[in-house]
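# Breakdown of the fold
Listed below are the residues making up each chain.
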Amino acid sequence: MKKFLISAPFGNYLSHNKCTSVCGTYTLYKRGDWLTRLYRSIKTIRPIKNGWVNNIGLQNPGIRSIKTFNPEKIYSITAIQPEEWDELIRYIPENITVELNLSCPNIEQKIQINDNQTMNCINRFPLVIFKLSPTSEIYNQADRLVGLGAKYLHVANTLSTNRGGESGERLKEFSLKTIRAIKNKYPHIKIIGGGGIYSPE
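Residues numbered from 1 in each chain as written. Predicted model: local features only at pLDDT ≥ 70, side-chain atom pairs only at ≥ 80, totals over all residues. Heavy atoms only, no water.

### Regarding the sheet that holds strand E1 (residues 4-6)
- Spatial ordering of the open sheet is given by E1-E2-E5-E6-E7-E8-E11, a layout of 7 strands whose pairing is parallel. A single partner strand is all that each edge strand has here, and the edge strands are E1 and strand E11 (190-193). Adjacent strand axes in the sheet meet at a mean angle of 25 degrees, parallel and antiparallel pairs treated alike.
- Bridge analysis of strand E6 (residues 97-101) against strand E7 (residues 128-131) gives 4 bridges, and the strand direction is parallel. Bridge assignment links Glu99 to a residue of E7, and that residue is Ile129.
- Contacting strand E8 (152-155) and E11, helix H5 (residues 169-185) runs over the sheet at an angle of about 155 degrees to E8. (Pairing = 2+ DSSP bridges. Helix = DSSP H or I, 4+ residues; strand = E, 2+ residues; numbered from the N terminus. Axes fitted to C-alpha atoms, helices over the stretch in contact; angles between N-to-C directions. Contact = heavy atoms within 4.5 Å.)

### Examining the pairing of strand E5 (residues 74-77)
- Neither face of E5 is exposed, since Ile74 and Ser76 on one face and Tyr75 and Ile77 on the opposite face are all buried.
- Both E5 and E6 contribute to a ladder of 4 bridges, which runs parallel. Looking at E6, one finds that Ile77 is bridged to Leu100.
- In this fold, the crossover linking E5 to E6 by way of helix H2 (residues 84-91) has right-handed handedness. (Buried < 20%, exposed > 50% of the residue type's maximum accessible area, 1.4 Å probe, protein only. Right-handed = clockwise from strand over helix to strand, strands pointing away.)

### Some details on unusual backbone geometry
- With omega at 5 degrees, the peptide bond leading from Gly24 into Thr25 counts as cis.
- Mapped onto the elements of the fold, Thr25 is located in strand E2 (residues 19-26).
- Non-glycine residue Asn50 carries a positive phi angle of around 60 degrees.
- A relative accessible area of 47% means that Asn50 is categorised as partly exposed.

### Digging into the packing of helix H3 (residues 115-124) against helix H4 (residues 138-148)
- The N-to-C vectors of H3 and H4 enclose an angle of 55 degrees; their axes lie 10 Å apart at closest approach. Put simply, H3 runs oblique to H4. H4 is crossed by H3, and the crossing has right-handed handedness. On H4, the residues touching Asp115, Thr118, Met119 and Ile122 of H3 are Arg144, Leu145 and Leu148.
- Looking at the contact of H3 with H4 residue by residue, the class counts come to 4 nonpolar, 1 polar and 2 charged. (Parallel < 35°, antiparallel > 145°, perpendicular 65-115°, else oblique. Left-handed = near helix turned anticlockwise from the far one by under 90°. Nonpolar A, V, L, I, M, F, W, Y, C, P; charged D, E, K, R; others polar.)

### Here's the deal with the packing of H4 against H5
- One way to put it is that H4 packs onto H5 with a least axis distance of 11 Å and a crossing angle of 35 degrees. By crossing handedness, the relation of H4 to H5 is classed as right-handed. Contacts between H4 and H5 pair Ile138, Tyr139, Ala142 and Asp143 from the former with Phe174, Lys177, Thr178, Ala181, Ile182 and Lys185 from the latter.
- Taken together, the residues of the contact of H4 with H5 sort by class into 6 nonpolar, 1 polar and 3 charged.

### Thoughts on the nonpolar core
- One finds Ile63, Trp85, Leu100, Leu102, Phe130 and Leu153 to be the most contacted residues of the largest nonpolar core, which totals 37 residues.
- Within the residue set of this core, elements represented by two or more residues are E2, E5, H2, E6, E7, H4, E8 and H5.
- Among the elements that line this core, the one with the most residues is H4, at 4 residues.
- Setting aside residues no more than four positions away along its own chain, Leu100 makes contact with Ile77, Trp85, Ile113, Cys121, Val128, Ile129, Phe130 and Lys131.
- Among the nonpolar cores identified, the runner-up in size contains 6 residues, and Ala8, Val22, Ile129 and Ile192 belong to it. (Core = buried A, V, L, I, M, F, W, Y, C linked by side-chain atoms within 4.5 Å.)

Printed below as a string of structure tokens:
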């Protein structure tokens, strides 16, 4: 994994030799056909003042659409229903780095994963990243996951707004404050700072 990541959904479309692309976010079952996914991507990923918004809502072809996994990439996954985690985990080869997206502002359901599923991921894959919610719950999320053995946290997913998930300056402000607090408490944890893409450079 390189120092910089291009997070999903941008990692589906962009690559850079100094970055690792994060593909996904994939669910167990397909959400929307290819035309719907294309439309939602074009229609809802747009710049705003000091940032970006997207409202893709986890539109994706489903994890089983991937026949060959690229070990140079990270695969972001999430479960709409808690029991779907088990099948998602089994489908992905053990040599792949995964990101568990535990937060999506563009769907109604709260994403949940139990302790056994969390530990199964940590034990199965060489590197597991937990992508957290930019809410006051993030500290409880971090405490629980670190207690279960998590070594990588992504702080944080996009902010929930009526236009969709927002990245940019407002998210950066939240993330920097949160990263400092978590690093002070857990200095051994690696943290990926979420913020957003501003330019190709």
